[in-house]
Amino acid sequence: MLRFAIKKVLLAVSTLVTVSVLTFGLFFAAPTNPAELMCGNRKTCSPEQQQMIERRMGLDKPIVTQYTDFMKGIVAGRTFGEGEGARNCPAPCLGYSFRNDEPVMDIVGRTLPVTLSIVFGAAVVWLVMGVSIGMVSALRRGTVFDRIAVVTSLVGASMPILLFGPLLLIVFVYEGGLLSYPQYTPLTENPAKWAAAMLLPWLALGFLNSAMYARLSRAQMLETISEDFVRTARAKGLSKLRVYGRHALRAAITPIVTIAGLDLGVYLGGTVITETIFGFTGLGKAALNAAINLDMPLVMATVLLAAFFIVAANIVVDVLYAVIDPRVRLS
């Protein structure tokens, strides 16, 4: 197990380093000079001012030195500029935004909680709803419940969030008046307002994803209950709850854990459409604005964070395999 853990960590580190190299290469492939972006108006910004900004941000150094300084800043922090104008950026330092000269970590710290709130709440909805409906549908195959569940999952899987999100706003906010327009409130500030603001994004993202999980859960459960070990357990006289809930479910849920881990990793990197529809400024929307404005330090930060979430989700999934499926532990 220790060798397995070390191997996974080394693979994760090498993946993140590769991503950092690629994103840093895109930084220099951008057609606009970063100093011009920070300088502001091109007509009033003199070449001397641009050179001063380049020296202060370390943009006048060779590319290898800049990349080394960037990686050192993540681990140990770094200092921008010299003398009285020097600015200390504590670890993890991801640089300063080219657009507003704000530390990138401040922007991440402001937007990441919004994305985390949306994704984790929606994940609870789609896992509980999708897996439950799929399992019950498989055990009641051919019944009215199964047919309704199949049709509903097909509708949900076919409906884009660009349609479903505004539809929820129309029904619950604009026409129904049951809810106020979502306005993000930090969880630590007011849990009740936080949950109320997150309700519609959770329903939108959760319902559409639960359709896919319902179909996957149903298919996996139907395949599992036809296995020999399930028939043997039933022949021994075990109760249906123990056969299906303990034995069949553990075997059927393994692929679902894989998909759930990948989905969480991807969504934690930013839910651009969901955030835009409901007027939230999360990590995804911040990344989109940074890409449009060529704010490369913020782009690199969001790409690295997205890669980290995906890598971390894969490691968690591998560990959960050993917990859920005894066959993994035996192998």
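It should be noted that the structure appears before, not after, this text.
Residues numbered from 1 in each chain as written. Predicted model: local features only at pLDDT ≥ 70, side-chain atom pairs only at ≥ 80, totals over all residues. Heavy atoms only, no water.

A. Looking closely at the overall build of the protein. The helix and strand inventory of the protein stands at 15 helices and two strands. Expressed as a percentage of the 331 residues in the protein, the buried residues total 41%. Restricting to contacts in the protein with at least 6 residues of sequence separation, those with at least 24 account for 64%. Total accessible area on the protein is roughly 18,100 Å²; 65% of this is exposed by carbon and sulfur atoms. The positive charge centre, built from 29 side chains, and the negative charge centre, built from 21, are 14 Å apart in the protein. (Helix = DSSP H or I, 4+ residues; strand = E, 2+ residues; numbered from the N terminus. Buried < 20%, exposed > 50% of the residue type's maximum accessible area, 1.4 Å probe, protein only. Contact = heavy atoms within 4.5 Å. Areas by Shrake-Rupley, 256 points an atom, 1.4 Å probe, with all protein chains shown as cover. Lys, Arg positive; Asp, Glu negative; His and termini not counted. Charge placed at Lys NZ, Arg CZ, Asp CG, Glu CD.)

B. Local environment of the pattern of salt bridges. One pass over the full model with this rule turns up six salt bridges. For the salt bridge of R218 with D146, the shortest nitrogen-to-oxygen distance reads 2.8 Å. Pair noted here: R218 is in helix α8 (residues 191-224) and D146 is in helix α6 (residues 144-158), with a separation of 72 residues, a long-range link. Taking relative accessible area as the criterion, R218 reaches 21% and is therefore assigned partly exposed. D146 gets classed as buried once you look at its relative accessible area, which sits at 4%. R231 is the salt-bridge partner of D228, the closest N and O atoms lying 2.3 Å from each other. Taken together, the residues D228 and R231, both in helix α9 (residues 228-235) and three residues apart, mark about one turn of the helix. (Salt bridge = Lys/Arg side-chain N within 4 Å of Asp/Glu carboxyl O.)

C. The packing of helix α7 (residues 161-175) against α8, seen in detail. In contact at an axis separation of 10 Å, α7 and α8 are set at 140° when each is read in the N-to-C sense. Relative to α8, α7 is oriented oblique. Crossing handedness for the pair α7 and α8: right-handed. The segment α7 lies against α8, with I161, F164, G165, L168, L169, F172 and V173 engaging L200, L203, A204, L205, F207 and L208. Residue composition of the contact of α7 with α8, by class: twelve nonpolar, one polar and no charged. (Axes fitted to C-alpha atoms, helices over the stretch in contact; angles between N-to-C directions. Parallel < 35°, antiparallel > 145°, perpendicular 65-115°, else oblique. Left-handed = near helix turned anticlockwise from the far one by under 90°. Nonpolar A, V, L, I, M, F, W, Y, C, P; charged D, E, K, R; others polar.)

D. Region of the structure containing α6. Over its 15 residues, α6 runs 21 Å from end to end, which matches the ideal 21 Å to within 8%, given 1.5 Å per residue. Buried residues of α6: D146, A149, S153 and G156, and no others. Seen end-on, α6 carries its buried residues on one side only, within an arc spanning 95°. Among the exposed residues of α6, those oriented more than 90 degrees off its buried face are V144, R147, I148, V151 and S158. Looking at the buried side of α6, the elements it contacts are α5 (104-139) and α8. (Expected span 1.5 Å × (residues − 1). Arc of directions from axis to C-beta.)

E. Up close: the packing of aromatic side chains. Applying the stated criterion across every chain, the model contains ten aromatic pairs. With 5.5 Å between their ring centres and 70° between their planes, F24 and Y67 make a pair best called edge-to-face. With F24 in helix α1 (residues 2-29) and Y67 in helix α4 (residues 63-76), this pair connects stretches of sequence that are 43 residues apart. Taking the centre distance of 5.7 Å and the plane angle of 55° together, the rings of W126 and Y267 count as tilted. Within this pair, whereas W126 is found in helix α5, its partner Y267 is found in helix α11 (residues 254-268), the two being separated by 141 residues in sequence. Members of the aromatic cluster, joined through ring pairs, are F24, Y67 and F70. If you follow R87 out to its NZ or CZ, it ends over the ring of Y96, 4.0 Å from the centre. (Phe/Tyr/Trp six-rings, centres within 6.5 Å; stacked < 30°, edge-to-face > 60°. Lys NZ or Arg CZ within 6 Å of the ring centre and 35° of its normal.)

F. Quick peek at the nonpolar core. Core analysis: the biggest nonpolar cluster contains 36 residues, and M221, F278 and F280 have the highest contact counts within it. Taken together, the elements giving at least two residues each to this core come down to α5, α7, α8, α9, α10 (240-252) and α11. It is α8 that provides the largest number of residues to this core, a total of eleven residues. Beyond its immediate chain neighbours, meaning those up to four positions away, F280 contacts V114, I118, P182, Q183, Y184, A197, M198, P201, E275 and K285. Core analysis: the second largest hydrophobic core is formed by 34 residues, A35, C89, V108 and A301 among them. (Core = buried A, V, L, I, M, F, W, Y, C linked by side-chain atoms within 4.5 Å.)

Everything listed here is a matter of coordinates, which is why it stays silent on function.
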